[in-house]
Amino acid sequence: RLDSLWARLKPGHSAKMATTSAAHRRTQSTDESKSLYKQAHSPSEARAKELRLEYREQRKQLTIFRRPGSTLYYFGAECLVLGQSTLQWTLERWLVTAPAALLLLGLYWFATTTTNPTALAALLRVYEGAFWCFLGILSSVGLGTGLHTFLLYLGPYMAQFTLHAYHCRTTEFPEPFHSTRQATWARVTCDVPSEDTPEMTVWRVVQKVHFPAFIFGIGTAIGELPPYFVARAARFSEEDPDDEDLEEFHESLKDEGTSLLSRAKRFMHQIVQKAGFWGIFFCAAIPNPLFDLAGITCGHFLIPFHVFFGATVLGKAFVKIHMQMLALVFFMSKPVFEALLRRIKQTPAIGTWLHDVIRDLQASTQAKFAGTGDQGASPNGIHPLAMVMGAVVISMIAYFALSIVNQVAQKHRHRIDRQLIAQKLKSG
């Protein structure tokens, strides 16, 4: 037995076994490739692909601006389907959903009737975390159609907090102020700081805005999960999911173009496949509009969920959002902000005008916060730049809402198209 074992451990025998195993794997891979090639190039598959492309082009025309009546009809029909399926799912699992509903009702009753200061503080903290987590999910969910809630909510909140912290020389604001209700700035009175009040620092401001930023980062990581699960389910399924994003993903794997976008997509695929956890972490830790491709890539190549989600949380909630927070607080701090205003004033042509606009807006918001009654330069108490920013915010929210309507309507039309394709293939 020892001689036999020694013979197996000889270099020649090991090399022979490795060669045989490699040849077997190549043969198996070749057989699988031939099978997939025949399946993809069979007449039925070719006809199905042609029909899918035809119906897909028709679905792209189903938008609220091009076909408003049809879009609203399919949107309502899909809402009814989703409502019916949700109700059916709830009734089938009533042993779980009924106690959960009673528990939620009990928590709601407790939250609305309790007078315990500790409980009220804990409930307020939970509500604040849920608020910023929800906004983080909205910012990244939807494969590129997410609402840019960092620019609309978190960024302005941190900038406003920083400006007023330096103005009041304190971060301990009275009770009416809360991060989820930015309108409460107007109801907070800024006390006149005394001479022995310590100077404000970036670190003191960061300690106060850290919690909303961190929870927002976790929400952005959660919002990246749908592409991962869709691609993973499509990989396990034997049927073609007929999904536009997955089709683009498979085409990007074969794309050998030299454009910047093509090279960026190939880089995303390669770094996620080769570097694994640290590749996902790197892609999540930097401002990356193509991170949806990382989620699809991880789902397609069956990367474990804990690896993908763990790296995404570390990259987005521990690195990326903290870099954005530190940069924003630093540039909005009083010394740096004043230096930037001096630089802006030196800009040719529009420097003086832009400097005066920013200075006027800063003075009006700080006066409103301090309760001095100065509401800005316009007669109705609203600064013109604030009106423009309000219009931009409303436009972005409206675009996000319309994109949801379009996607839901196209999803319902997709259900009908799949039935039509099946009928046409069956009839020949």
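None of these values were measured; they are calculated from a predicted model. (Residues numbered from 1 in each chain as written. Predicted model: local features only at pLDDT ≥ 70, side-chain atom pairs only at ≥ 80, totals over all residues. Heavy atoms only, no water.)

Looking now at the overall build of the protein chain. When helices and strands are counted, the protein chain shows 17 helices and zero strands. In the protein chain, buried positions account for 34% of the 428 residues. A separation of at least 24 residues holds for 71% of the contacts in the protein chain among residues at least 6 apart in sequence. For the protein chain, the exposed area adds up to about 26800 Å²; of that, 64% sits on carbon and sulfur atoms. (Helix = DSSP H or I, 4+ residues; strand = E, 2+ residues; numbered from the N terminus. Buried < 20%, exposed > 50% of the residue type's maximum accessible area, 1.4 Å probe, protein only. Contact = heavy atoms within 4.5 Å. Areas by Shrake-Rupley, 256 points an atom, 1.4 Å probe, with all protein chains shown as cover.)

Quick look at the packing of aromatic side chains now. Counted under the stated rule, the structure contains 15 aromatic pairs. Consider the rings of Tyr 228 and Phe 308, whose centres lie 4.8 Å apart with planes at 5°: the pair is stacked. Placement of Tyr 228 in helix H9 (residues 225–236) and of Phe 308 in helix H14 (residues 305–332) is noted, with a sequence separation of 80 residues between them. Centroid distance Phe 305 to Phe 309: 5.5 Å. Interplanar angle 10°. Geometry classified as stacked. With Phe 305 and Phe 309 both in helix H14 and four residues apart, the pair spans about one turn of that helix. Take Phe 309: its relative accessible area is 22%, and that puts it in the partly exposed class. Pairwise contacts between aromatic rings join Tyr 127, Phe 131, Trp 132, Tyr 157 and Phe 161 into one cluster. When the ring centre of Phe 211 is taken as reference, the NZ or CZ atom of Arg 125 above it lies at 4.0 Å. (Phe/Tyr/Trp six-rings, centres within 6.5 Å; stacked < 30°, edge-to-face > 60°. Lys NZ or Arg CZ within 6 Å of the ring centre and 35° of its normal.)

Here the focus is helix H13 (residues 291–300). Burial analysis of H13 places ten of its ten residues in the buried class, the great majority of the element. By the burial criterion, the buried members of H13 are Phe 291, Asp 292, Leu 293, Ala 294, Gly 295, Ile 296, Thr 297, Cys 298, Gly 299 and His 300. Downstream of H13 by one or two residues, Leu 302 has phi in the positive range, about 55°.

Our next topic: the packing of helix H8 (residues 202–223) against H9. Two elements in contact, H8 and H9, have axes separated by 5 Å at closest approach and are oriented at 20°. In terms of axis orientation, H8 runs roughly parallel to H9. On the side of H8, the interface is formed by Ala 221, Ile 222 and Gly 223, while H9 contributes Leu 225, Pro 226 and Pro 227. Here the residues of the contact of H8 with H9 are counted per class, giving five nonpolar, one polar and no charged. (Axes fitted to C-alpha atoms, helices over the stretch in contact; angles between N-to-C directions. Parallel < 35°, antiparallel > 145°, perpendicular 65-115°, else oblique. Nonpolar A, V, L, I, M, F, W, Y, C, P; charged D, E, K, R; others polar.)

Together, Trp 94, Leu 95 and Val 96 line one region of the surface with nonpolar side chains, adding up to about 380 Å² of accessible area. Counting through the fold element by element, Leu 95 comes out in helix H5 (residues 94–113). (Patch = residues over 30% accessible without salt bridge, like charges linked within 9 Å, V, L, I, M, F, W, Y side chains within 5 Å. Salt bridge = Lys/Arg side-chain N within 4 Å of Asp/Glu carboxyl O.)

Right, let's talk about the pattern of salt bridges for a bit. The full count for this structure, using the stated rule, is seven salt bridges. Residue Arg 125 is joined to Glu 128 by a salt bridge in which the shortest nitrogen-to-oxygen separation is 3.5 Å. One end of the pair, Arg 125, and the other, Glu 128, are both in helix H6 (residues 117–140), three residues apart, so they sit about a helical turn from each other. The class of Arg 125 is partly exposed, set by a relative accessible area of 45%. On the basis of relative accessibility, which here comes to 8%, the residue Glu 128 falls in the buried class. When the shortest N-O distance is used, the salt bridge between Lys 316 and Glu 224 registers 3.7 Å. Of this pair, Lys 316 sits in helix H14 while Glu 224 is found in the loop between H8 and H9, placing the two residues 92 residues apart along the sequence. For Glu 224, a relative accessible area of 6% puts it in the buried group.

For H6, built from 24 residues, the straight-helix expectation of 34 Å at 1.5 Å per residue is met to within 8% by its first-to-last C-alpha distance of 35 Å. Those residues of H6 that sit buried are Ala 119, Glu 128, Gly 129, Trp 132, Cys 133, Leu 135, Gly 136, Leu 138 and Ser 140. Between the side-chain oxygen of the N-cap and the backbone nitrogen of Thr 118 there are 2.9 Å, and the N-cap of H6 in question is Asn 116. (Expected span 1.5 Å × (residues − 1). Polar contact = N/O pair within 3.5 Å; in protein donor to acceptor, adjacent residues only side chain to side chain.)

This brings us to the nonpolar core. Ranked by internal contacts, the top residues of the largest apolar core, which has 28 residues, are Leu 154 and Met 158. Only H6, helix H7 (149–168), H8 and H14 provide two or more residues apiece to this core. Residue contacts for Leu 154: discarding those within four places in its chain leaves Trp 132, Thr 149, Pro 212, Ala 213, Phe 216 and Ile 321. (Core = buried A, V, L, I, M, F, W, Y, C linked by side-chain atoms within 4.5 Å.)

A word on the side chain of Thr 162. With respect to the helices, strands and loops of the structure, Thr 162 is situated in helix H7. Given a relative accessible area of 0%, Thr 162 falls into the buried group. One polar contact links the side chain of Thr 162 to the main-chain carbonyl oxygen of Met 158, over a distance of 2.7 Å. Excluding its chain neighbours within four sequence positions, the residues that come into contact with Thr 162 are Val 205, Val 329, Met 332 and Ser 333.

So, on to the confidence of the model for the protein chain. Here the protein chain shows a mean pLDDT of 76. Residues at 70 or above account for 71%. A low-confidence stretch, residues 5–41 stays under pLDDT 50, and its non-local contacts, those more than four residues away or across chains, total seven contacts. In this model, residues 370–380 is a region of pLDDT below 50 whose contacts with residues beyond four sequence positions or in other chains number 18 contacts. (pLDDT = per-residue confidence, 0-100.)

Along the chain, Leu 425 falls in helix H17 (residues 384–427). On the accessibility criterion, Leu 425 (36% relative accessible area) is partly exposed. The spacing of Leu 425 and Ser 44 is 381 residues in sequence and 7.2 Å in space, taken between C-alpha atoms.

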